[in-house]
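Topology and contacts: notes
Now for the letters of each chain:
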Amino acid sequence: MSDPLPSSLSPASGAPWLIDRLTRGQPVAALGVRGARTPEIARLAKASGHEVIWVDLEHSTMAIDVAGQICACALDIGLMPLVRVPEREYGVIGRLLDAGALGIIAPRVETAAQAADIVAACRFPPQGHRSAIGTLPLVQYRRMAPEALYRVADQATLVKVLVESPLGIRNLAEIAAVPGVDLVAIGTNDLSAELGVPGDFRHPTVRAAHESALAACQAAGKPLAIGGIGDAAYSAELVRLGAAPLLMTAIDTDLLLAAAQARVAQALATLT
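Just so it is clear, the model here is predicted, and its values are computed rather than measured.

1. Points about the overall build of the chain
Along its length, the chain carries twelve helices and eight strands. Principal axes of the C-alpha set define a box for the chain whose edges measure 65 × 45 × 35 Å. In the chain, which comprises 272 residues, the proportion classed as buried is 49%. Restricting to contacts in the chain with at least 6 residues of sequence separation, those with at least 24 account for 64%. If you sum the accessible surface of the chain, you get close to 12,200 Å²; carbon and sulfur atoms cover 56% of it.

Okay, here's the thing in structure tokens:
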């Protein structure tokens, strides 16, 4: 049986599609999922023009089963589902990928060794130590020869490491050079806090970290996404400098709050 990844890549193709888009400088809209607990959020993401969803298990109490169902639905309707796992929780990675996630976001990676551990948890042997499985949602549960299944899964699975500390910035060149790391990202909220300037995205020390990270990733031939910035103009400036245009548009809880506030204001305005 031939590999089931389509010749014309789409979000459901996973890593090849996303890396190709970002490398070409084409924007990709991603919606964060923290409060929703049903697959309906994937359908809302699709209907609103998003191409990627990322489920946040680092900052939520969401069960693995729920995250898996959301990812499987996203995969079925042509979205690329990613999951941000809790810090250093490598054991959950295989279960999420088996359930339908097409990528893992690993927070607070500070060394090349930690990045290599993430890669190993995401890849089948000989590239890693992901546990063997008979079939996957990615191939619509078709039975395939193990070698072919693992090759398809490894090709589709995105490994994204999130650098959020000064130590991570200092080691970023080595982190980006780790084989199997597809995408490097900076979490500017955490980074700015650890640099002693929380939320000051334009501070010279934060800007210097962004620029050094861009240079390191360009040298390694890996895209760098810079997130955690509540300033659209500054984000656009970083993209023009070479940052990958992975647009984290919002978190579902933020959207719900903003919509609820707008509705209350609208209702009160009718009485004045």
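2. Things to note about the sheet that holds strand β2 (residues 52-56)
On the basis of which strands lie adjacent, the open sheet formed by eight strands has the order β7-β6-β5-β4-β3-β2-β1-β8 and parallel pairing. In this open sheet, the two strands that pair with only one neighbour each are β7 (224-227) and β8 (246-251). Along the sheet, successive strands turn relative to each other by an average axial angle of 25°, direction set aside. Where strand β3 (residues 80-84) and strand β4 (residues 103-106) come together, three bridges link them in parallel fashion.

3. Some thoughts on the pairing of β4
Side chains Gly103 and Ile105 of β4 all project onto a buried face; the interleaved residues Ile104 and Ala106 project onto the opposite face, where all are buried too. Relative to strand β5 (residues 158-163), β4 runs parallel, the two being bridged by four bridges. Bridge assignment links glycine 103 to a residue of β5, and that residue is leucine 158.

4. Remarks on the pattern of salt bridges
Here the structure, examined in full by the defined rule, presents 15 salt bridges. For the salt bridge of arginine 21 with glutamate 51, the shortest nitrogen-to-oxygen distance reads 3.1 Å. With a gap of 30 residues between them, arginine 21 in helix α1 (residues 15-23) and glutamate 51 in the loop between α2 (40-47) and β2 connect regions that are remote in the sequence. Given the relative accessible area of 17%, arginine 21 is considered buried. For glutamate 51, a relative accessible area of 22% gives the class partly exposed.

5. Notes on the packing of α2 against helix α3 (residues 64-76)
Interhelical geometry of α2 versus α3 gives an angle of 35° and a closest axis separation of 8 Å. Considering how the two elements wind past one another, α2 and α3 form a crossing that is right-handed. Contacts between α2 and α3 involve Ile41, Ala42 and Arg43 from the first element and Ile70, Cys73 and Ala74 from the second. Its residues placed into classes, the contact of α2 with α3 shows five nonpolar, no polar and one charged.

6. Examining the nonpolar core
Among the nonpolar cores identified, the biggest contains 58 residues, and Ile53, Val55, Val83, Leu96, Leu172 and Val184 are the most heavily contacted of them. Top element by residues in this core is α3. It accounts for six residues. Contact partners of valine 55, with chain neighbours within four places excluded, come to Val33, Met62, Ala67, Ile70, Cys71, Leu82, Val83 and Arg84. Val52, Leu138, Val139 and Leu246 belong to the second-largest nonpolar core, a separate cluster that totals 33 residues.

7. Concerning the packing of aromatic side chains
For the coordinates displayed, the defined rule picks out one aromatic pair. Ring geometry for phenylalanine 124 against tyrosine 150: centres 4.2 Å apart, planes inclined by 20°, an arrangement best described as stacked. Taken together, the residues phenylalanine 124 in the loop between α5 (112-122) and α6 (146-156) and tyrosine 150 in helix α6 connect sequence positions 26 residues apart. In terms of burial, phenylalanine 124 and tyrosine 150 fall into one category: buried.

8. Considering the pairing of β5
Burial analysis of β5 places six of its six residues in the buried class, which makes it a mostly covered element. Residues Leu158, Lys160 and Leu162 point to one face of β5 and Val159, Val161 and Val163 to the other, with burial holding for every one of them. As judged from the four bridges shared by β5 and strand β6 (residues 183-187), these two strands associate in the parallel manner. If you follow lysine 160 over to β6, its bridge partner there is leucine 183.

What counts, and at which threshold
- Residues numbered from 1 in each chain as written.
- Predicted model: local features only at pLDDT ≥ 70, side-chain atom pairs only at ≥ 80, totals over all residues.
- Heavy atoms only, no water.
- Helix = DSSP H or I, 4+ residues; strand = E, 2+ residues; numbered from the N terminus.
- Buried < 20%, exposed > 50% of the residue type's maximum accessible area, 1.4 Å probe, protein only.
- Contact = heavy atoms within 4.5 Å.
- Areas by Shrake-Rupley, 256 points an atom, 1.4 Å probe, with all protein chains shown as cover.
- Pairing = 2+ DSSP bridges.
- Axes fitted to C-alpha atoms, helices over the stretch in contact; angles between N-to-C directions.
- Salt bridge = Lys/Arg side-chain N within 4 Å of Asp/Glu carboxyl O.
- Left-handed = near helix turned anticlockwise from the far one by under 90°.
- Nonpolar A, V, L, I, M, F, W, Y, C, P; charged D, E, K, R; others polar.
- Core = buried A, V, L, I, M, F, W, Y, C linked by side-chain atoms within 4.5 Å.
- Phe/Tyr/Trp six-rings, centres within 6.5 Å; stacked < 30°, edge-to-face > 60°.

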